[in-house]
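Descriptive structure summary
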Amino acid sequence: MRELIDADRLPGQPHCAPGKLAAAWRGDVPLADWTMPVRPRIGILADAEDCPRGIITYLSWTGVHTGLICWVHAHEDPAALRALLRHALADLAHCPQTEAFVCAPPGPLGPGGLPRAHRGATHDALLQTGFTGRREGSYLYCALPAEPLPAKLVADVFPCDVPPGHRLIIRDAAEPVAEAVVSVGPERTGTVYWIETRPTHRRRGLGRKLLRQALALLAEQGATEVALVVDDAPQPGPDSQAAPRLFESLGFSLVDRLWTYQHRHPRVPRPAA
């Protein structure tokens, strides 16, 4: 099963470890503020020799009428993908709405959305089983040099519990004006979860200084490659291209566009009295 998952791995993503399947079974997904009891499921499609041909993980919450398909892998076999998706939808039929590949920062559970170009067969299978999709983010990747350039220390660094990593904060007169959250995961893979500068302090180079220090910190902690997801929502005004230019200037390149999907079950009419 781990070979099925690793076949769809993107640059900057660790190989599937046993803990990933255990996390899926527990219902650990990159969503915040879900405190209701969760019902995780793992579906496995096997061939005549009982060898795995595909795997899907999905879940629902007690008291919440929404299902979630976390990931599905089947070596991009269209028939296997459709079978897995239909199986999950049948099991989630009590949910009026089911979401799939909800975008989130990349991590051990996946890139945070469906990489449309790398996984065209999965995209088509989702549409063929009744899902509608939309583009949500861009997956960027950067290989860190063996000897990173020294970075000026402009931010205070604090340990962070969720996600486990570090928070970097630049202050102006004791007020936070720029912030980043980074983490090192398995196999020396780093993630930039968040980077933001207050609108009142933009165009001063703070984002560049902050990101350089964040990348230097990840390298010091052993990371050799870094991934992040950029929101594709249009940003009005002159700052619309600031983030793409910043990441490109520090070595990040586009790997794929990430999509998320939604499926609505048709309402079954009640029989007449």
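See the structure printed just above.
The paragraphs below set out a description of the structure included in this document.

Calculation criteria
- Residues numbered from 1 in each chain as written.
- Predicted model: local features only at pLDDT ≥ 70, side-chain atom pairs only at ≥ 80, totals over all residues.
- Heavy atoms only, no water.
- Helix = DSSP H or I, 4+ residues; strand = E, 2+ residues; numbered from the N terminus.
- Buried < 20%, exposed > 50% of the residue type's maximum accessible area, 1.4 Å probe, protein only.
- Contact = heavy atoms within 4.5 Å.
- Areas by Shrake-Rupley, 256 points an atom, 1.4 Å probe, with all protein chains shown as cover.
- Salt bridge = Lys/Arg side-chain N within 4 Å of Asp/Glu carboxyl O.
- Lys, Arg positive; Asp, Glu negative; His and termini not counted.
- Phe/Tyr/Trp six-rings, centres within 6.5 Å; stacked < 30°, edge-to-face > 60°.
- Polar contact = N/O pair within 3.5 Å; in protein donor to acceptor, adjacent residues only side chain to side chain.

Digging into the overall build of the protein
- The secondary structure content of the protein amounts to six helices and 12 strands.
- When the 273 residues of the protein are sorted by exposure, 43% land in the buried category.
- The contacts of the protein with a sequence gap of at least 6 include a subset with a gap of at least 24, amounting to 66%.
- A total of about 14,600 Å² of accessible surface is found on the protein, and carbon and sulfur atoms cover 54% of it.

Comments concerning the pattern of salt bridges
- By the definition in use, this model includes eight salt bridges.
- As a salt-bridge pair, Arg 202 and Glu 196 come within 2.6 Å of each other at their nearest N and O atoms.
- Of the residues examined, Arg 202 reaches a relative accessible area of 31% and is grouped as partly exposed.
- Linked through salt bridges whose partners overlap, the residues forming this network are Asp 8, Glu 76 and Arg 119.

Structural notes on the side chain of Asp 256
- As for its placement among the helices and strands, Asp 256 is situated in strand S12 (residues 253–264).
- Of the buried charged residues, Asp 256 lacks a salt bridge, with Arg 257 as the closest side chain of opposite charge at 6.7 Å.
- Filtering out sequence-adjacent residues up to four positions away, Asp 256 remains in contact with Pro 115, Arg 116, Ala 117, His 118, Gly 137, Ser 138 and Tyr 139.

A few points about the packing of aromatic side chains
- Taken as a whole and assessed by the stated rule, the structure comprises three aromatic pairs.
- Pairing Phe 247 with Phe 252 gives two aromatic rings, centres 5.8 Å apart and planes at 70°, and the pair type is edge-to-face. Taken individually, Phe 247 and Phe 252 each receive the classification buried, so the pair is uniform in this respect.
- Aromatic ring contacts, followed pair by pair, group Phe 101, Trp 259 and Tyr 261 into a single cluster.

Some points on the environment of His 263
- Along the polypeptide, His 263 turns up in strand S12.
- The spatial distance from the C-alpha of His 263 to the C-alpha of Leu 89 is 8.8 Å, given a sequence separation of 174 residues.
- Ignoring any residue separated from it by four or fewer positions in sequence, one finds His 263 in contact with Leu 89, Pro 96, Gln 97, Thr 98, Thr 129, Gly 130 and Phe 131.
- Here Thr 129 takes part through its backbone oxygen, which lies 3.4 Å from a polar atom of the side chain of His 263.

Considerations on unusual backbone geometry
- In this structure, the amide linkage connecting Val 162 to the following residue, Pro 163, adopts the cis form with an omega of -5°.
- Positive phi, normally seen in glycine, also occurs at His 75, with a value near 55°.
- When you line up the elements, His 75 lands in the loop between strand S3 (64–73) and helix H3 (78–91).
- Unusually for a residue other than glycine, Glu 187 sits at a positive phi of about 55°.
- Examined against the element boundaries, Glu 187 turns out to sit in the loop between strand S9 (175–184) and strand S10 (189–197).
- What makes Glu 187 partly exposed here is its relative accessible area of 44%.

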